[in-house]
Amino acid sequence: MKELHSGHLFWPLTMEEYKNYPALSEDLQVQVAIIGGGMSGAMCAYVFEKSGISTAVLERDTIAGGSTSANTGLLQFSNDIMLCDLINQIGRQPAVQFYAACANAVKQIGLIAGELAINPHFVPRRSLYYASSEQDLPKLHKEYDALRQNGFDVSFWEADEIAKHFPFRRPGAIITNGDAEVNPFRFVHGVADAAAAHGARIYEHTDVIDHERKADGKHQLTTATGHVISAEKVIYAIGYEPEELRGQLIKPVLNRSFAAVTAVQDKDKLLRWHEQMFIWETARPYLYMRTTLDGRIIIGGLDEEFEHPVEGERERGKRINRLYDKLTAHFPMLDVPFEYEWSATFGESFDNLPFVGEDPAQPGVYYCLGYGGNGTVYSMIASYVLHDLIKEGYHPLADIVGLKRPTLQT
Ligand SMILES: Cc1cc2nc3c(=O)[nH]c(=O)nc-3n(C[C@H](O)[C@H](O)[C@H](O)COP(=O)(O)OP(=O)(O)OC[C@H]3O[C@@H](n4cnc5c(N)ncnc54)[C@H](O)[C@@H]3O)c2cc1C
């Protein structure tokens, strides 16, 4: 088991108590076995159970304890790859279709949030996507045109407009409507509880260490304690641990990222943060900021090309100080310290699209790997894509996010 994060996480402390699930202590038969109990696994179990497909979620540690708890909870339809670049990469129709699916997934997450017994602090937000430099401005205009011409709900702010609404000035920004924030830890616990209420069998401390396909086409998973799960289909929702796929075809880019959360701010100090919009930028890696319902600020970024989270307060502290400087450069009136900070592994794909679909070499084995800054949005999309692939054999996005797509073959 690898460490996916180091430091002091914020989200788990926002729930006074949450359900613990048992470890698997018997053999099991199920239609779909889901390996991994993070955002992706919980969402798949919820969607599948609601349509009558029996599932078991097998989590080696605890529900929402992986990278889900290091997530900063921004739900946006704009991706790490701009729409204009995605159009160049895969063509206009599929690129627009994918962006539209992301916008729809934010809405779907909102609908699910409304059904949960645990309040996941889902709040619709707009985003300010600013040009980090004058050089980035023409590209940002190009992106704005691509979004607007293809029906996305966006507007453009010139430098003066930005300075009117925020205590900083940037050359220009796209405002996107239809984004939302969520508390990922509460959300995943809420979704897992709801899935269990619909019949999902959820197991924590259940490490899957072997996977064999039997002559009858069924899959046999074995846990570290020797229990056997027999399943018609298996979904790998294992997050940033692709080595768990035992050397198969996923080629991820694993980096590490940093995030920090301030103490609760004085209300007056947040007045110059217009509508508590999300803030992010065109530079890569990008800096991003959001607020929380209780008036804190979350800031993240400074990605580094190393897979493992930074260990040690001192080394992490250096990066966190840089985040602090960046935050106060945007909002000089903020003077409260950070109360939580962490470093975490962060996975992306070479073509900026998630890995979702059936393994071409292994019938009945599916991947639900929402790599990228929109991981939660991708997990939502993935659960519907995999549901339809397993139930109907088809989903319109399957070729775009699937494992046979041309951009993965290089
Ligand atoms: C710093 C940071 C900020 C982020 N911010 C955002 C954001 O603002 N918005 C957004 O949409 N996304 C964001 N993401 C991405 C998001 O966190 C991920 O997309 C999401 O957490 C992935 O969920 P998951 O379920 O795929 O993975 P995980 O939450 O890691 O869950 C996978 C689980 O699989 C389990 N597992 C692995 N192997 C086995 C095995 N053999 N047997 C049993 N269990 C196993 C692990 O224990 C783990 O719990 C961020 C990520 C990071 C690191």
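Predicted model only: the values in this text are computed from it and were never measured.

## Overview of the overall build of the protein chain
Here is step 1 of the chain: The helix and strand inventory of the protein chain stands at nine helices and 18 strands.
Here is step 2 of the chain: The C-alpha radius of gyration computed for the protein chain amounts to 21 Å, which stays within 12% of the reference 22 Å derived for 410 residues, consistent with globular compactness.
Here is step 3 of the chain: For the protein chain, the proportion of its 410 residues judged to be buried stands at 51%.
Here is step 4 of the chain: Relative to all contacts within the protein chain whose residues are 6 or more apart in sequence, the contacts with residues 24 or more apart total 75%.

## Considerations on the site of the ligand
Here is step 1 of the chain: As a structural note, the neighbourhood of the ligand is formed by 42 residues, with Gly36, Gly38, Gly66, Gly239 and Gly375 the closest of them.
Here is step 2 of the chain: Those elements that provide at least two residues to the shell around the ligand are helix 1 (39-50), strand 4 (74-75), strand 12 (252-262), strand 16 (338-349) and helix 8 (375-392).
Here is step 3 of the chain: At four residues, helix 8 tops the list of elements feeding residues into the shell around the ligand.
Here is step 4 of the chain: For the shell around the ligand, the class distribution of residues is 15 nonpolar, 21 polar and six charged.

## What to know about the domain arrangement of the protein chain
Here is step 1 of the chain: Per the domain assignment, the segments making up the protein chain are domain 1 (21-71 + 185-247 + 351-408) and domain 2 (252-349).
Here is step 2 of the chain: Computed over C-alpha atoms only, the centres of domain 1 and domain 2 are separated by 30 Å.
Here is step 3 of the chain: In this complex, domain 1 contributes eleven residues to the contact, which on the side of domain 2 involves nine residues.
Here is step 4 of the chain: Class assignment for the residues of the side of domain 1 that touches domain 2 results in seven nonpolar, three polar and one charged.

## Concerning the environment of Pro120
Here is step 1 of the chain: Tracing the sequence through the fold places Pro120 in the loop between helix 3 (92-115) and strand 5 (123-130).
Here is step 2 of the chain: Along the primary structure Pro120 and Phe185 are separated by 65 residues, whereas in three dimensions their C-alpha atoms are 7.9 Å apart.
Here is step 3 of the chain: Those residues in contact with Pro120 that lie beyond four places of it in its chain are Ala113, Val182, Asn183, Arg186, Phe187 and Gly190.

## Thoughts on the nonpolar core
Here is step 1 of the chain: Residues Ala33, Ile34, Ala42, Ile235 and Cys368 are the most contacted members of the largest nonpolar core, which totals 125 residues.
Here is step 2 of the chain: Residue contributions to this core peak at ten residues, all from helix 3.
Here is step 3 of the chain: Each of domain 1 (21-71 + 185-247 + 351-408) and domain 2 (252-349) accounts for three or more of the residues forming this core.
Here is step 4 of the chain: Those residues in contact with Ala33, other than ones at most four positions away along the chain, are Ala56, Leu58, His219, Leu221, Ile229, Ala231 and Val234.

## Some remarks on the pairing of strand 7 (residues 172-181)
Here is step 1 of the chain: Counting buried positions over the ten residues of strand 7 gives nine, a clear majority of the element.
Here is step 2 of the chain: When strand 4 meets strand 7, the two strands line up antiparallel, connected through two bridges. Residue pairing across strands places Leu74 opposite Glu181, the latter belonging to strand 7.
Here is step 3 of the chain: Note that strand 5 and strand 7 share seven bridges and pair antiparallel. Its bridge partner being in strand 7, Pro124 is matched across the sheet by Ala180.

## Details of unusual backbone geometry
Here is step 1 of the chain: Geometrically, the link from Arg284 to Pro285 is a cis peptide bond, its omega value of -5° lying close to zero.
Here is step 2 of the chain: Despite not being glycine, Ala64 shows a phi value in the positive range, around 65°.
Here is step 3 of the chain: Mapping Ala64 onto the fold places it in the loop between strand 3 (55-58) and strand 4.
Here is step 4 of the chain: The backbone of Glu275 shows a phi angle near 55°, a positive value even though the residue is not glycine.
Here is step 5 of the chain: For Glu275, the position within the fold is in the loop between strand 12 and strand 13 (278-281).
Here is step 6 of the chain: Look at Glu275 and you get exposed, because 11 C-beta atoms sit within 10 Å.

Basis of the calculations
- Residues numbered from 1 in each chain as written.
- Predicted model: local features only at pLDDT ≥ 70, side-chain atom pairs only at ≥ 80, totals over all residues.
- Helix = DSSP H or I, 4+ residues; strand = E, 2+ residues; numbered from the N terminus.
- Rg over C-alpha atoms; globule rule 2.2 N^0.38 Å.
- Buried ≥ 20, exposed ≤ 12 C-beta atoms within 10 Å, placed from the backbone.
- Contact = placed C-beta atoms within 7 Å.
- Near = placed C-beta within 6 Å.
- Nonpolar A, V, L, I, M, F, W, Y, C, P; charged D, E, K, R; others polar.
- Domains from an automatic or database assignment.
- Core = buried A, V, L, I, M, F, W, Y, C linked by C-beta atoms within 7 Å.
- Pairing = 2+ DSSP bridges.

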